[in-house]
Every structure is written in structure tokens, then in C-alpha cells.
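What follows is the residue order along each chain.
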Amino acid sequence: MKARRNFDEVAAGWDENPGRMKVMGAISELVFERIPPASDMDVLDFGCGTGLLSLCVADQFHSLTGMDTSAEMLNVFSRKADDLGFDHVQTLLADLDQGGAPQGAYDLIVSSMVFHHIEHVPDVLKKLLGLLKPAGVLVAVDLDLEGGRFHSDPTGVFHEGFDRVWFAQMMKDAGFAGVRVENATEILRPEGERFTTFLASGRRS
């Protein structure tokens with residue numbers, strides 16, 4: 001059985017990586033350009049980590065829930081939300097990949113660089129569909145196929161990126177309608193290698 005990464009161990013220093021901050025800032029801008037925030041939206045940040053994707057626009061939502069498998073990541077997320085004075089932000093410790101099935105009803109679920117850490121992607125997509133309100137939307141950004149070069153430590157990496165057609169088909173098979181996959185952003189490593197990402201979206205009919 002492949003080992004899972006312990007994100008608790010890295011949570012405290014997660015935001016200290018300037019490259020990660022730049023990439024996540026670009027992805028956040030792209031995601032919320034694709035689906036603009038609205039004051040009546042209940043939003044789930046799936047695999048939220050420390051909140052780099054969603055906290056920057058949380059003031060524009062009705063509610064924001066950060067879901068993660070790491071309690072320490074969620075602690076950082078909560079502290080940042082408190083520092084920003086948000087009282088409509090909450091956290092949820094859950095692992096959908098290991099059988100977790102939380103309750104909820106969301107207008108929008110967002111996710112960035114999470115699915116390659118998920119072993120059973122089709123099952124998790126079905127669970128996320130079930131957490132959406134009718135006409136609710138999932139927007140996920142992840143890596144294109146990268147041959148195992150992206151992570152220096154492959155612990156907890158179950159997919160070396162995704163073929164876009166395959167990912168779209170998994171979303172359709174899970175029950176998503178209106179599935180689209182488009183270019184997202186590039187990630188430039190310090191050594192000069194570039195990796196591309198895609199943005200996949202679909203809605204609950």
C-alpha cells in the first residue's frame with residue numbers, strides 16, 4: 001500500500017515558500033475569474049491546506065468551508081481566517097478518499113493541486129457531486145501528465161498528473177454535466193523546468 005504524506009508536519013511553514021505563494025495566487029485569480037464570487041454563495045475549498053486558494057476572496061462569499069485531511073493545515077487556515085476577522089468561515093476535517101462522507105450543500109466547490117494526491121478519484125468525484133446544490137459547480141486545477149518529475153518526494157502522490165480527456169471522462173462518469181477542461185497556468189521550477197496545469201469544471205444538473 002502506498003504511503004500517504006503527512007501534511008501536519010509541513011503545515012506551519014507551508015506559506016513560507018515564495019514559489020508556492022506565487023503559483024497559488026495565480027491559480028486563485030484564474031479560478032475566481034472563471035466563477036466570480038457572489039455574496040449568496042456557500043463555498044467549499046476541498047483540500048484547502050492553509051487557505052491560499054480561497055481565503056483571499058472569502059469576504060465575497062456567504063460562507064466558506066475549508067476541508068482537509070490535515071488537522072494542522074486546518075489550524076493554520078482557522079488562524080488566518082480569525083486574523084482577517086471572518087466569522088462566516090469554518091473548517092471540516094475529513095478524508096473522502098478513505099471513506100469519509102460529510103454532509104453539506106454548496107454552490108461552489110474549488111480545489112487546487114489536490115487530486116493527484118487522491119488514490120480513488122472517481123469515488124471522490126461522486127462524493128463531491130453529492131455535496132453540491134442543484135446547479136452547483138466544481139472547479140478543480142491540477143497537473144497535466146508530468147512523468148513523475150514534479151515532486152522531489154513522491155510520498156502521497158498517487159497520480160503523476162492527469163490526461164485531460166481521462167479526467168473529463170471521470171467527471172462525466174461521476175455525474176457532472178457541462179464538463180469543460182481548459183488551460184490553467186504554468187509552474188516554473190527554479191531549475192527551469194516548466195509544468196502545465198488544467199482547470200476542469202462541471203456542474204450538478
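Residues numbered from 1 in each chain as written. Predicted model: local features only at pLDDT ≥ 70, side-chain atom pairs only at ≥ 80, totals over all residues. Heavy atoms only, no water.

Novice: Teacher, can you tell me more about helix H1 (residues 18–34) here?
Specialist: Every α-helix winds through 3.6 residues per turn, so residues three or four apart in the chain are directed the same way. Between its first and last C-alpha, H1 extends 24 Å over 17 residues, near the 24 Å set by a 1.5 Å rise per residue. Every buried residue belonging to H1 is among Val23, Met24, Ile27, Ser28, Val31 and Phe32, and all of these are buried. On an axial view of H1, the arc spanned by its buried residues comes to 150°, and they lie on one face. Across H1 from its buried face, at more than 90 degrees, point the exposed residues Pro18, Lys22, Glu29 and Glu33. Buried positions along H1 lie against strand S4 (106–112), strand S5 (132–143), strand S6 (177–188) and strand S7 (194–203). (Helix = DSSP H or I, 4+ residues; strand = E, 2+ residues; numbered from the N terminus. Expected span 1.5 Å × (residues − 1). Buried < 20%, exposed > 50% of the residue type's maximum accessible area, 1.4 Å probe, protein only. Arc of directions from axis to C-beta. Contact = heavy atoms within 4.5 Å.)

Novice: How do you make sense of the packing of aromatic side chains when you look at a structure like this?
Specialist: To describe a pair of aromatic rings, you give the distance between the ring centres and the angle between the ring planes. Evaluation of the coordinates by the stated rule reveals 9 aromatic pairs. On the numbers, 5.8 Å between centres and 55° between planes, the contact of Phe32 with Phe61 is tilted. You can see Phe32 sitting in helix H1 and its partner Phe61 sitting in the loop between strand S1 (42–46) and strand S2 (63–68), a full 29 residues away along the chain. Pair check on accessibility: Phe32 and Phe61 agree, each one buried. With a centroid separation of 5.5 Å and an interplanar angle of 85°, the aromatic rings of Phe115 and Phe167 are classed as edge-to-face. Taken together, the residues Phe115 in the loop between S4 and helix H3 (121–131) and Phe167 in helix H4 (residues 164–174) connect sequence positions 52 residues apart. Residue Phe115 shares its accessibility class with Phe167, and that shared class is buried. Seen from the ring of Trp14, Arg20 lies directly overhead, with NZ or CZ sitting 3.5 Å from the centre. The ring of Phe150 is capped by Arg189, whose NZ or CZ atom sits 4.0 Å from the centre of that ring. (Phe/Tyr/Trp six-rings, centres within 6.5 Å; stacked < 30°, edge-to-face > 60°. Lys NZ or Arg CZ within 6 Å of the ring centre and 35° of its normal.)

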